[in-house]
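Here's the letter readout for the chains.
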Amino acid sequence: RHPSLRTNQLGLTVRDYEGAMSTLCAGCGHDSITAAIVRAFFELDTPPHMVAKLSGIGCSSKTPAYFLSGAHGFNSAHGRMAAIATGAAAANRKLAYIGVSGDGDSLSIGLGHMSHAIRRNVKMLYIIENNGVYGLTKGQFSASADVGSKSKRGEANAQAPIDPVMLALGLGATFVARSFSGDKAQLVPILKAGLLHDGFALIDVISPCVTFNDHEGSTKSYVHTRKNQVPIVQTDFVPLAAEITAEYPEGSVAKVTTHDGTTIHLRKMAADYDPTDRTRAMTMLRERQAAGEIPTGLLFLDSTGGTEMHRGAKTVSTPLVDVPFDELCPGRDAL
Ligand code: SF4
């Protein structure tokens, strides 16, 4: 049977989890993440009307339009997604909340809001589609840009980046993970785990911007100005800036060359890696980064949902269980 016709326990196909046609640049890493999100919800048998998708401003923040057209949604002001999600999650604890943001949206203007959502352990999946640039406004450096990255005009970034993973660990996040947009084998299960986590789940996803990322001063970028204009998910992922196709088992390092000639070394956490020690996770990240590697996988998990302070704000519902629509909106007949 064709994969697109396969149904989940709700009788839905993967196509039922799609949204609008993508208008991002052809090859943008974000579209691959969208495809993984679609796959994760499909495999979790999530009723689309039990999901609320939220975003701020940026190329990444257009993403929620491209999945789950049957879900609730709110596209907020720049950097305010976390604040809107906090309010929504407090008002309706039955929905599953997924926020999609970018490094520009989350690590500069939205840094305060994201920090307090972590501190409050808001029950949501918070995805940062991380490429180091403000793609929507033509490629200015964001707060996660690597030192030495070149802008379109050729100047190199001199400022040290903010690492959202280290930041989240320092703020007490109870679920911290990192992945790569071209690694669907890793990304889909991590997204599913984040959706099921009983607290704030941060997933930092390295997602190349094929139009403005130019670490090597290459002229290969800047050519992708046409739009995708394809359904975001057929049965597989859309063409990528870089994709991991070879076998990439746990504990190994994948050498990935992206569209601009940059080679990155992604270290997938070993099967026996214990993610329950926050201090050890931070030490491991520093050591691996000093060795020129980017650790990926589930980096930290507090399966108890966090400290007592965090538990105070934690919800207790099971959001991925179907609830009749009337129960979602009590009193709606009076409106
Ligand atoms: Fe993606 Fe960059 Fe194009 Fe934005 S500008 S859609 S981040 S490739």
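- In the annotation of an unreviewed UniProt entry, the entry for the protein chain reads 2-oxoacid:ferredoxin oxidoreductase subunit beta, and the organism field reads Pendulispora brunnea.

Some thoughts on the overall build of the protein chain
For step 1, the next point in the chain: Scanning the protein chain for helices and strands turns up nine helices and eleven strands.
For step 2, the next point in the chain: Within the protein chain, the fraction of its 335 residues that count as buried is 50%.
For step 3, the next point in the chain: Partitioning the intrachain contacts of the protein chain with sequence separation of at least 6 by distance along the chain shows that 72% fall at a separation of at least 24.

So, the sheet that holds strand E2 (residues 72–75)
For step 1, the next point in the chain: The strand order across the open sheet formed by nine strands is E2-E1-E3-E4-E8-E7-E11-E10-E9, and the pairing between neighbours is mixed. Single-partner strands in this sheet number two, and they are E2 and strand E9 (253–257). Within the sheet, the average angular offset between the axes of one strand and its neighbour, ignoring direction, is 20°.
For step 2, the next point in the chain: Across three bridges, strand E10 (residues 263–268) lies against strand E11 (residues 294–301) in parallel orientation. Opposite Arg267, over in E11, you have Pro295 as the bridge partner.
For step 3, the next point in the chain: On top of the sheet, helix H6 (residues 184–196) reaches strand E3 (96–102), strand E4 (124–130), strand E7 (175–180), strand E8 (200–206), E10 and E11; it is set at about 160° to E7, its chief contact.

So, the nonpolar core
For step 1, the next point in the chain: Counting residues in each nonpolar core, the largest one holds 69 residues, and the members touching the most others are Ala85, Tyr97, Val176, Phe200 and Leu202.
For step 2, the next point in the chain: Tyr97 has contacts with Ala52, Leu54, Ala85, Ala88, Ala89, Lys123, Met124 and Leu125, leaving out every residue within four places of it along the chain.
For step 3, the next point in the chain: Formed by eleven residues, the second largest nonpolar core is a distinct cluster that contains Cys25, Cys28, Ala145 and Val210.

Notes on the UniProt feature "domain: Thiamine pyrophosphate enzyme TPP-binding" (unreviewed entry) in the protein chain
For step 1, the next point in the chain: Residues annotated in UniProt with the feature "domain: Thiamine pyrophosphate enzyme TPP-binding" (unreviewed entry) correspond here to residues 57–205.
For step 2, the next point in the chain: Between the C-alpha atoms that bound residues 57–205 there is a distance of 17 Å. The span itself is 32% helix and 23% strand.

Notes on the site of the ligand
For step 1, the next point in the chain: Around the ligand sit Leu24, Cys25, Cys28, His30, Cys59, Asn131, Gly135, Cys209, Val210, Thr211 and Phe212, and those are all the residues in its vicinity.
For step 2, the next point in the chain: Residue classes in the shell around the ligand are distributed as seven nonpolar, four polar and no charged.

Side note on helix H1 (residues 29–43)
For step 1, the next point in the chain: Between the first and last C-alpha of H1 there are 21 Å, a value that for 15 residues agrees with the 21 Å anticipated at 1.5 Å per step.
For step 2, the next point in the chain: Buried residues dominate H1, accounting for 14 of its 15 residues.

Topic: the pairing of E10
For step 1, the next point in the chain: One ladder, built from five bridges, connects E9 with E10; its direction is antiparallel. Bridging from a neighbouring strand, Ala254 pairs with Leu266 of E10.
For step 2, the next point in the chain: Here E9 hands over to E10 after five residues, with Gly261 in that stretch at a positive phi of 90°.

Things to note about the pairing of strand E1 (residues 51–55)
For step 1, the next point in the chain: Counting buried positions over the five residues of E1 gives five, a clear majority of the element.
For step 2, the next point in the chain: Burial of E1 is two-sided: the residues Val51, Lys53 and Ser55 facing one way and the residues Ala52 and Leu54 facing the other way are all buried.
For step 3, the next point in the chain: As defined by bridge partners, E1 adjoins E3 across five bridges and the pair is classed as parallel. Opposite Ser55, over in E3, you have Val100 as the bridge partner.

Re unusual backbone geometry
For step 1, the next point in the chain: Positive phi values are uncommon outside glycine, yet Asp45 reaches one of about 55°.
For step 2, the next point in the chain: Inspection of the secondary structure assignment puts Asp45 in the loop between H1 and E1.
For step 3, the next point in the chain: Although it is not a glycine, Lys138 sits at a positive phi angle of roughly 80°.
For step 4, the next point in the chain: You can see Lys138 is positioned in the loop between strand E5 (133–134) and strand E6 (140–141).
For step 5, the next point in the chain: The exposure class of Lys138 is exposed, given the 11 C-beta atoms found within 10 Å.

Let's talk about the environment of Asp274
For step 1, the next point in the chain: Position of Asp274 relative to the elements: it lies in the loop between E10 and helix H7 (278–290).
For step 2, the next point in the chain: Separated by 90 residues in the primary sequence, Asp274 and Lys184 place their C-alpha atoms 22 Å from one another.

Details of the packing of H1 against H6
The relative placement of two packed helices comes down to the angle between their axes together with the axis-to-axis distance.
For step 1, the next point in the chain: Relative to each other, H1 and H6 sit at 55°, their axes nearing to 9 Å. When the axes of H1 and H6 are compared, the pair comes out oblique. Crossing angle aside, the handedness with which H1 passes H6 is right-handed. Residue-level contacts link Ala36, Ile37, Arg39, Ala40 and Glu43 of H1 to Lys184, Leu187, Val188, Leu191, Lys192 and Leu195 of H6.

Definitions and cut-offs
Residues numbered from 1 in each chain as written. Predicted model: local features only at pLDDT ≥ 70, side-chain atom pairs only at ≥ 80, totals over all residues. Helix = DSSP H or I, 4+ residues; strand = E, 2+ residues; numbered from the N terminus. Buried ≥ 20, exposed ≤ 12 C-beta atoms within 10 Å, placed from the backbone. Contact = placed C-beta atoms within 7 Å. Pairing = 2+ DSSP bridges. Axes fitted to C-alpha atoms, helices over the stretch in contact; angles between N-to-C directions. Core = buried A, V, L, I, M, F, W, Y, C linked by C-beta atoms within 7 Å. UniProt positions renumbered as here; feature names shortened; annotations may be inferred. Near = placed C-beta within 6 Å. Nonpolar A, V, L, I, M, F, W, Y, C, P; charged D, E, K, R; others polar. Expected span 1.5 Å × (residues − 1). Parallel < 35°, antiparallel > 145°, perpendicular 65-115°, else oblique. Left-handed = near helix turned anticlockwise from the far one by under 90°.

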